[in-house]
There are 2 protein chains.
Amino acid sequence: MKPMSECIFCQIIAGKVSSNIVYQDEYVMAFLSNHPVNPGHTLVVPKKHYENIYDISQEEVGHLFEVVKQISMAVRDAMSVEGLRIVQNNGEVGGQVIFHLHVHVIPMKLHNQRNDKVYRDPPDKCSDEALALDAQKIRQQLGGR
Amino acid sequence: MKPMSECIFCQIIAGKVSSNIVYQDEYVMAFLSNHPVNPGHTLVVPKKHYENIYDISQEEVGHLFEVVKQISMAVRDAMSVEGLRIVQNNGEVGGQVIFHLHVHVIPMKLHNQRNDKVYRDPPDKCSDEALALDAQKIRQQLGGR
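Definitions and limits used
- Residues numbered from 1 in each chain as written.
- Chains lettered and ligands numbered in written order.
- Predicted model: local features only at pLDDT ≥ 70, side-chain atom pairs only at ≥ 80, totals over all residues.
- Heavy atoms only, no water.
- Helix = DSSP H or I, 4+ residues; strand = E, 2+ residues; numbered from the N terminus.
- Buried < 20%, exposed > 50% of the residue type's maximum accessible area, 1.4 Å probe, protein only.
- Contact = heavy atoms within 4.5 Å.
- Areas by Shrake-Rupley, 256 points an atom, 1.4 Å probe, with all protein chains shown as cover.
- Salt bridge = Lys/Arg side-chain N within 4 Å of Asp/Glu carboxyl O.
- Expected span 1.5 Å × (residues − 1).
- Arc of directions from axis to C-beta.
- Phe/Tyr/Trp six-rings, centres within 6.5 Å; stacked < 30°, edge-to-face > 60°.
- Lys NZ or Arg CZ within 6 Å of the ring centre and 35° of its normal.
- Least-squares fit on C-alpha atoms with pLDDT ≥ 70 in both.

Undergrad: Explain the overall build of chain A here, please?
TA: Looking only at helices and strands, one finds three helices and five strands in chain A. Classification of the 145 residues of chain A by burial places 52% in the buried group. A separation threshold of at least 6 residues defines the contact pool for chain A, and within that pool the share at least 24 residues apart is 60%. When the accessible surface of chain A is summed, it comes to about 6800 Å², and 49% of that surface belongs to carbon and sulfur atoms.

Here it is as structure tokens:
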């Protein structure tokens, strides 16, 4: 595991790397993925560095997913989708790439988008402008105008 | 949406359809999937019928995922895996098939198991004996011997 100082999510949380933040409180931050499966793809993370779901405390995991629920509704409304997948991967064999616990909130729009495509061949990184606009829409749904 | 009386998960919760239950409390039940992606694939559901994550209350979603964390650790240890995927699908386009909110806890064992296979071509339904044995292992990890 990389030292925390090199963890990209810790750097985002510390404000050392810019991101499109849509929500934060004392314990949790949510920001747009830079490699969205679909527009509006948001990551919800604990501010404290936990590698995976095994490591976080009971209280914090409860709060984390209370936030995930709120983000889910905001992403659904901001992106005008009905479908939404919530995914949390643990361990390399579990598909985890960044080893700071994170929950994917992925809007799903297309009836013919096969599930097995979700994690393969994601679209190219969105433009900074597109990401910023999506983040603004989600923040508006969360009431943070 | 089917009436709740026809919901297969409501029937399992009511004890009208048998299942391999690994955990239950006042609000939540966890039982093995009858169509496991991998052995030990467990579903965690609220006992009250909510269609999706949008409908459940803040308090209940927090508790639901506190249970998911406990189940995750038990499944990991019972199945001797390091990898684990937690997936919660909403809406038909989100991959939801049974319209009673449920969280998949899926042990992942193989380095070469491509993520895009996870939801395609699952193995045939496990034998009743294999499911019962897996459920017993998970219950033991949860301390419910």
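Still more to cover.
Undergrad: Explanation requested: the pattern of salt bridges in the structure shown.
TA: Close approach of charged atoms lets side chains of opposite charge pair. Residues and elements named next belong to chain A. The final tally for this structure, using the stated rule, is four salt bridges over all chains. Where lysine 137 meets aspartate 134, a salt bridge forms, and the shortest distance between an N and an O atom there is 3.9 Å. Of this pair, lysine 137 and aspartate 134 both sit in helix H3 (residues 128–142), separated by three residues, roughly a single helical turn. When its relative accessible area of 33% is taken as the criterion, lysine 137 is described as partly exposed.

Undergrad: I'm lost on helix H3 (residues 128–142) of chain B in this one. Help?
TA: What sets the pattern is the α-helix's 3.6 residues per turn: residues three or four places apart point alike. Residues and elements named next belong to chain B. If you check H3, its first and last C-alpha atoms are 21 Å apart, about what 15 residues at 1.5 Å a residue would give, namely 21 Å. Taken as a whole, H3 has its buried residues at Leu131, Asp134, Ala135 and Ile138. All buried residues of H3 lie within an arc of 100° about the axis, which places them on one face of the element. Of the surrounding secondary structure, the elements contacted by the buried residues of H3 are strand S1 (21–24), strand S2 (28–32), strand S3 (42–46) and helix H2 (58–79). After H3 finishes, the residue glycine 143 shows a positive phi value of roughly 90°.

Undergrad: Can you walk me through the packing of aromatic side chains in this structure?
TA: By convention here, two paired aromatic rings are described through the distance between centres and the angle between planes. Overall, the coordinates contain three aromatic pairs over all chains when judged by the stated rule. Considering the side-chain rings of B:Phe9 and B:Phe31, the 5.4 Å spacing of their centres and the 70° angle between planes classify their relative orientation as edge-to-face. Of this pair, B:Phe9 sits in helix H1 (residues 8–13) while B:Phe31 sits in strand S2, and the two are 22 residues apart along the sequence. Like B:Phe9, the residue B:Phe31 is buried in the burial classification. Across the ring face of A:Tyr54, the terminal group of B:Arg76 is positioned such that the distance to the ring centre comes to 4.3 Å.

Undergrad: Honestly, unusual backbone geometry in this entry has me stumped. Any pointers?
TA: Most peptide bonds adopt trans geometry, and most residues besides glycine take a negative phi value. All names here are of chain A. One non-glycine residue, serine 80, lies in positive phi territory at about 55°. In this structure, serine 80 sits in the loop between helix H2 (58–79) and strand S4 (83–90). Take serine 80: its relative accessible area is 60%, and that puts it in the exposed class.

Undergrad: How should I be thinking about the relation of the copies chain B and chain A in this particular structure?
TA: Each of the two copies of the chain can be brought onto the other by a rotation about an axis and a shift along it. Rotating chain B by 180° and moving it 0.0 Å along the rotation axis overlays it on chain A with an RMSD of 0.0 Å. Here the two chains are linked by the operation of a two-fold rotation axis. Comparing interface residues between copies, 100% of those in chain B also sit at the interface in chain A, which points to an isologous, same-surface contact.

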